[in-house]
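The residues making up each chain are set out below.
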Amino acid sequence: MSFHTHILLLNMRITIKIGSNVLTRQDGSLDVTRMSALVDQIADLRSMGHEIILVSSGAVASGRSELKHIQHDLDSVDQRQLFSAVGQAKLINRYFEMFREYGISVGQVLTTKENFADSEHRKNQENCLRVMLENGVLPIVNENDTVSVTELMFTDNDELSGLMARMTQSQMLIILSNIDGIYTGKPTDPDSRLISIVKPGKDLSDYIQPSKSSAGRGGMQSKSSVATRTAAAGISVVIANGKRDNILVKLMNDRDNTPCTEFLC
Ligand code: GLU
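Asks: Sorry if this is basic, but what is going on with the pairing of strand 5 (residues 172-177) here?
Replies: In summary, the side chains of a regular strand alternate between the two faces of the sheet. Of all 6 residues in strand 5, 6 are buried, a share of seventy percent or more. Across the two faces of strand 5 the burial is the same, with M172, I174 and L176 and L173, I175 and S177 all buried. In the sheet, strand 1 (residues 13-18) pairs with strand 5 via 5 bridges, with the strands oriented parallel. By the bridge assignment, T15 is partnered in strand 5 with L173. Relative to strand 7 (residues 236-241), strand 5 runs parallel, the two sharing 6 bridges. Each residue of the ladder has a partner; that of I175, found in strand 7, is I239.

Rendered as structure tokens:
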């Protein structure tokens, strides 16, 4: 029995971030089956009355697998621009078709760090998200990887999802990765334990492993610091494994019995 009881909130606004490693297979190709399962769950959450903002990575990874035939060497900036341009088109096209099966309209929001600074762009972006949500359109957000390179980039999409959760005044941010959450040691170590609840102000630096997965830019360190900052802004944050069956629905219906790390606010 858990000591922590969740109050079930209806009609929540939730930002959900799906990492590249959730959406790609071992060989780097887009895992359409996983994607479709997550779309089913998001449709379920919407039918429960929740509003969703989806931050999805996977553009660079799916572009890379689409352009496998490219032989000549490209520098890292050229690669990122080329792969993201192709991969984002593929990604949003898949989402568009999958959500349409549920009668859900989606809209693409490609953004850069500048759009979160104090500027006219910030206001425009905020307004665009507002009008989408008011009209029942599901925003699917990614960094505009074709123009944000090197120092202009977000640290990763974890940072972007935290900023998006704040901009849209979400009540919750769910970060889906390929691991259940934050462990007290190496996740593969049998003595490690999953930390299920992180109270405000708790320092996790002793527990975080510096390693990161191969597909995305982020890692547990970045997830943990984004989660701490976002929770401090009054938004509860859950880190969970996007490869677990029906994870989003379980997190909303029975979080106490679902593996995850939750940062309380
Ligand atoms: N925006 C990148 C993409 O869609 C991912 C960035 C990240 O790994 O956090 O491929």
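Asks: Teacher, can you tell me more about helix 4 (residues 76-100) here?
Replies: Residues three or four positions apart in an α-helix share a direction because the helix packs 3.6 residues into each turn. Compared with the 36 Å implied by 1.5 Å per residue over 25 residues, the 35 Å span of helix 4 between its first and last C-alpha is a close match. All of the buried residues in helix 4 are R80, F83, S84, G87, Q88, K90, L91, I92, Y95, M98 and F99.

Asks: Before we go on, may I ask you to explain helix 3 (residues 59-66) in this structure?
Replies: Summarising burial for helix 3: 6 of the 8 residues are buried, a large majority. Within the sequence span of helix 3, burial applies to A59, V60, A61, S62, G63 and S65. At its buried positions, helix 3 is contacted by helix 4 and strand 4 (138-143).

Asks: Hey, could you run me through the environment of E143 in this one?
Replies: Of note, E143 is situated in strand 4. The exposure class assigned to E143 is buried, which follows from its relative accessible area of 2%. Spatially, the C-alpha atoms of E143 and S84 are 9.6 Å apart, while their sequence positions differ by 59 residues. A polar contact is formed between the side chain of E143 and the backbone nitrogen of F154, at a distance of 3.1 Å.

Asks: What should I look at first to understand the pattern of salt bridges in this one?
Replies: Tallied over the full model, the rule gives 12 salt bridges. Between D31 and R25 there is a salt bridge, and its shortest N-O distance comes to 3.9 Å. Judged by its relative accessible area of 12%, D31 is buried. Here R25 falls in the partly exposed class, since its relative accessible area comes to 39%. The partner of E159 in a salt bridge is K113, and the shortest N-O contact between them spans 3.8 Å. In this pair, E159 sits in helix 6 (residues 157-167) while K113 sits in the loop between strand 3 (106-111) and helix 5 (120-134), placing the two residues 46 residues apart along the sequence. Residue K113 is classed as partly exposed on the basis of its relative accessible area of 35%.

Asks: In this structure, what is going on with unusual backbone geometry? I would like to understand it.
Replies: Of all residues except glycine, most have a negative phi; of all peptide bonds, most are trans. Positive phi, normally seen in glycine, also occurs at Q169, with a value near 55°. Locating Q169 in the fold gives a position in the loop between helix 6 and strand 5. Unlike most non-glycine residues, N246 shows phi in positive territory, near 55°. Among the secondary structure elements, N246 is positioned in the loop between strand 7 and helix 8 (247-253).

Asks: Can you help me understand the packing of aromatic side chains in this one?
Replies: Between two aromatic rings, the relevant description is the distance of the centres plus the angle of the planes. Per the stated rule, a full pass over the model turns up 2 aromatic pairs. Plain terms: the ring middles of F116 and F154 are 5.7 Å apart, the flat faces sit at 75° to each other, and that makes the pair edge-to-face. Here F154 lies in the loop between strand 4 and helix 6 and F116 lies in the loop between strand 3 and helix 5, a separation of 38 residues in the sequence. Taking the relative accessible area as the measure of exposure, F154 reaches 1% and is therefore buried.

Cut-offs and rules
- Residues numbered from 1 in each chain as written.
- Predicted model: local features only at pLDDT ≥ 70, side-chain atom pairs only at ≥ 80, totals over all residues.
- Heavy atoms only, no water.
- Buried < 20%, exposed > 50% of the residue type's maximum accessible area, 1.4 Å probe, protein only.
- Helix = DSSP H or I, 4+ residues; strand = E, 2+ residues; numbered from the N terminus.
- Pairing = 2+ DSSP bridges.
- Expected span 1.5 Å × (residues − 1).
- Contact = heavy atoms within 4.5 Å.
- Polar contact = N/O pair within 3.5 Å; in protein donor to acceptor, adjacent residues only side chain to side chain.
- Salt bridge = Lys/Arg side-chain N within 4 Å of Asp/Glu carboxyl O.
- Phe/Tyr/Trp six-rings, centres within 6.5 Å; stacked < 30°, edge-to-face > 60°.

It is worth stressing that arrangement in space is one thing and function is another; only the former is reported here.
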